[in-house]
Every structure is written in C-alpha cells, then in structure tokens.
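# Notes for the structure review
Now for the letters of each chain:
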Amino acid sequence: MVEELLTAAIATGVAVVVYVGAAARVVKQYERGLVFRLGRLREEVRGPGFTTIVPFVERLRKVNMQIVTLPVPAQEGITRDNVTVRVDAVVYFKVVDPASAIVAVEDYRFAVSQMAQTSLRSIIGKSDLDDLLSNREMLNQGLELMIDSPAVGWGVQIDRVEIKDVSLPETMKRSMARQAEADRERRARVINADAELQASHKLAEAAEVMSEQPAALQLRLLHTIVAVAAEKNSTLVLPFPVELLRFLERSAPPPAAAPARKEPAPAGPASEGPGPAEVDGALDAAPAPDALDGSVDGLMLDAPPPEHERDGLRE
C-alpha cells in the first residue's frame, strides 16, 4: 500500500513537472507575447517576465519590439533628367502593435523591405540628379512618408529612412568633375580681378601720397632694399629713383645755339667764269705767302729750265 502511494506521488510529481515545463514561458524585456488559443488570438498581450499557457491548447508567439535596421538593396533607375543611377538606402522601423504585425501581414520584415525598394525606385524617377546629390533631407522625408503610409496598418512605425549612396556612371562623374573645375576657375578669376581692382585703388592712393611727400618714396625704396637684403643671395637689386633723373635733367644747362649757316651764292654760267662770291671765297681760302715759302721752293726745283738754258743744252 505504501509503495503504491509512493509510486502515485512520484507519477503525480512528474506529471506536474512536465505540465509546468510545457506551460511555463519567459518573455524578455524587449519582447511582447501573443497567445493563440485554439488558433484564436487572445486580447491580452503578455508583458516581459514569467508567464504560463495551457499546453496543447494555447500557443505563445513572441514579437520583438526593438528598432530594426533594414538595409535596402541598391536600386537602379532613371532620374527625371534622364541620368541612370544606382541608389541604396537603409530603413529604421519598429513594431508598435504586435497583434497587427502578426495578424495583418504574413511577414512584416519582408513587407517593409519590398515597400522600401518600391518607394526608392519611385523617388528616383521623380527626382533630379542634383536633388539626389545635394537635397537628400527632403528625399529622405518623402521616402519615409511613402513607406510609412501602408506600414501603419501593419502595426509598424517607420522611424527613419536614409539614402546611403548614389552611384553614377563614369562618364557622368567626369562631366561633373569638369563642371566643378570650370566653376572653380571662374570663381578664381573673379577673385583675382577683384583683388587687382582693390590693389589699383590702394596703389593710386599711395602714389598720390608719395607725390605730395617725395620723402615717402625714398623710405619705400629703403624698405625694399632691406627686404631684398634679408634673403641669402649674392645679388642686390638697387632701384634707381626716377626723381633723381628728373632733377639732373632740370639742373643741366641748355645747349648753345648753333651759328647760322651761310648759303653759297649761285654760280655764274660756265662761259662767264666764276662769280664774285666764288672768287672771294677762293681768295680767303688761299694760304698766306709766308706759309707757301717752303712749298714754293720745292716747286721751283721741279720746274722746267729757262729758254737760254735749253739752247745751251741743245748745242
């Protein structure tokens, strides 16, 4: 009798342990439990902690309430300005209604993923390339609204949508690089022109001050010499002041006036001989008698002999 009671007690204990093991469930802090009794959803949502169900009658379905990071595969599309691009994004969402997430949709993760891909392609077709590259905040908001509208009925809340990367063709990248380079060059030229204009105004003011105070030019010259001499070189460039040249030009005496040149008188006809003016000129240019003594003696030595001497020579 005692053995039968002991055996029954052990069997009852084992049955209780098995029942408790089959009925006991633990729901984590970030989860919520949905109980289905014979396939029918119970209204009560089990919170985190220890809970029990009726074995073989009820079934507990746990739903994760954390924020889910869902990467959206890269989608290729054509923008409104006919540029082919590949855009990928990431979606952050969470479940706010466990019952709707389990009952209203078969797989809410897959549904959100497909909706994100479709919405991303739609956004690409409605946007320009410049908007995809520089105005992503507005596109993110539009993409979030497009995904969140159907997800409300699924018990899912879209927390944030971000466009990760925009891939462009190589030809488009080169065109954009040339455009950016041309724009930078244009801005550089405008800045240089503005700098030259400002410098010209300052130089004009400096020239006006130096013209009023000549000593300022000498001081500027000394500063220039000091700046050049500060470098380690063997050549010294010394500017020559233009004012000194002007001073020397003003202090030089004026050149003497050249004597008036006499115009020769017109010559007479060949039959009439030299004119009076030519005769006077020839007389003035003739050497003095004293100066011709030596030359006359020499000429006499070479002159032919007299007539009587020539007769004696004939005899």
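## Some thoughts on the sheet that holds strand E7 (residues 84–95)
Spatially, three strands are ordered E6-E7-E8 in an open sheet, and the strand pairing comes out antiparallel. Both outer strands of the open sheet, strand E6 (68–78) and strand E8 (156–167), are each paired with one neighbouring strand and no more. Between one strand and the next, the sheet's axes are offset by a mean angle of 25°, whatever the strand orientation. Here 10 bridges tie E7 to E8, and the two strands are oriented antiparallel to one another. Paired with Val-87 across the bridge in E8 is Val-166. Together, E6, E7 and E8 form the strand contacts of helix H3 (residues 108–126), whose direction differs from that of E6 by roughly 35°. Sheet contacts for helix H5 (residues 136–151): E7 and E8; angle to E8, the most-contacted strand, approximately 140°.

## Things to note about the nonpolar core
One finds Val-85, Val-91, Phe-93, Val-112, Val-156 and Ile-158 to be the most contacted residues of the largest nonpolar core, which totals 36 residues. Elements with a minimum of two residues in this core: strand E2 (31–37), E6, E7, helix H2 (98–103), H3, helix H4 (129–134), H5 and E8. Ranked by residues supplied to this core, first place goes to H3 with seven residues. Among all residues touching Val-112, those that are not within four sequence positions of it are Leu-70, Val-91, Phe-93, Trp-154, Val-156 and Ile-158.

## Considering the confidence of the model for the protein
When pLDDT is averaged along the protein, the result is 78; 76% of the residues meet or exceed 70. The least confident element of the protein, judged by mean pLDDT, is helix H10 (residues 293–302) at 42; the most confident is E7 at 92. Low confidence marks residues 267–303, where pLDDT is under 50. Its contacts with residues over four positions away, or in another chain, come to four contacts.

## Some thoughts on the sheet that holds strand E3 (residues 40–46)
Strand order in the open sheet formed by three strands is E3-E2-E5, and the pairing between neighbours is antiparallel. The open sheet is flanked by E3 and strand E5 (58–64), the only strands paired with a single partner. Here the average twist between neighbouring strands, direction ignored, is 30°. Bridge count for E2 against E3 is four bridges, and the pairing is antiparallel. Following the sheet pairing, Gly-33 is matched in E3 by Arg-46.

## Details of H5
For H5, which comprises 16 residues, the first-to-last C-alpha distance of 22 Å matches the rise-based estimate of 22 Å (1.5 Å per residue) to within 8%. The set of residues buried in H5 consists of Leu-139, Asn-140, Leu-143, Ile-147 and Ala-151. Looking straight down H5, one finds its buried side chains confined to an arc of 105°; they lie on one side. Exposed and oriented more than 90 degrees from the buried face of H5 are Glu-137, Gln-141, Leu-145 and Ser-149. Next to the buried residues of H5 lie E7, H3, H4 and E8.

## What to know about unusual backbone geometry
Backbone geometry places Leu-38, a non-glycine residue, at a positive phi of 55°. Relative to the elements of secondary structure, Leu-38 occurs in the loop between E2 and E3. In this model, Phe-56 sits at a positive phi of 65°, which is unusual for a non-glycine residue. With respect to the element layout, Phe-56 can be found in the loop between strand E4 (49–52) and E5. Phe-56 sits in the exposed class, given a relative accessible area of 86%.

## As for the side chain of Thr-79
Along the chain, Thr-79 turns up in the loop between E6 and E7. A polar contact is formed between the side chain of Thr-79 and the side chain of Asp-81, at a distance of 2.4 Å. Apart from residues no more than four positions distant in its own chain, Thr-79 is found in contact with Val-85, Ile-124, Gly-125, Ser-127, Asp-128, Leu-129 and Leu-132.

Rules of the game
- Residues numbered from 1 in each chain as written.
- Predicted model: local features only at pLDDT ≥ 70, side-chain atom pairs only at ≥ 80, totals over all residues.
- Heavy atoms only, no water.
- Pairing = 2+ DSSP bridges.
- Helix = DSSP H or I, 4+ residues; strand = E, 2+ residues; numbered from the N terminus.
- Axes fitted to C-alpha atoms, helices over the stretch in contact; angles between N-to-C directions.
- Contact = heavy atoms within 4.5 Å.
- Core = buried A, V, L, I, M, F, W, Y, C linked by side-chain atoms within 4.5 Å.
- Buried < 20%, exposed > 50% of the residue type's maximum accessible area, 1.4 Å probe, protein only.
- pLDDT = per-residue confidence, 0-100.
- Expected span 1.5 Å × (residues − 1).
- Arc of directions from axis to C-beta.
- Polar contact = N/O pair within 3.5 Å; in protein donor to acceptor, adjacent residues only side chain to side chain.

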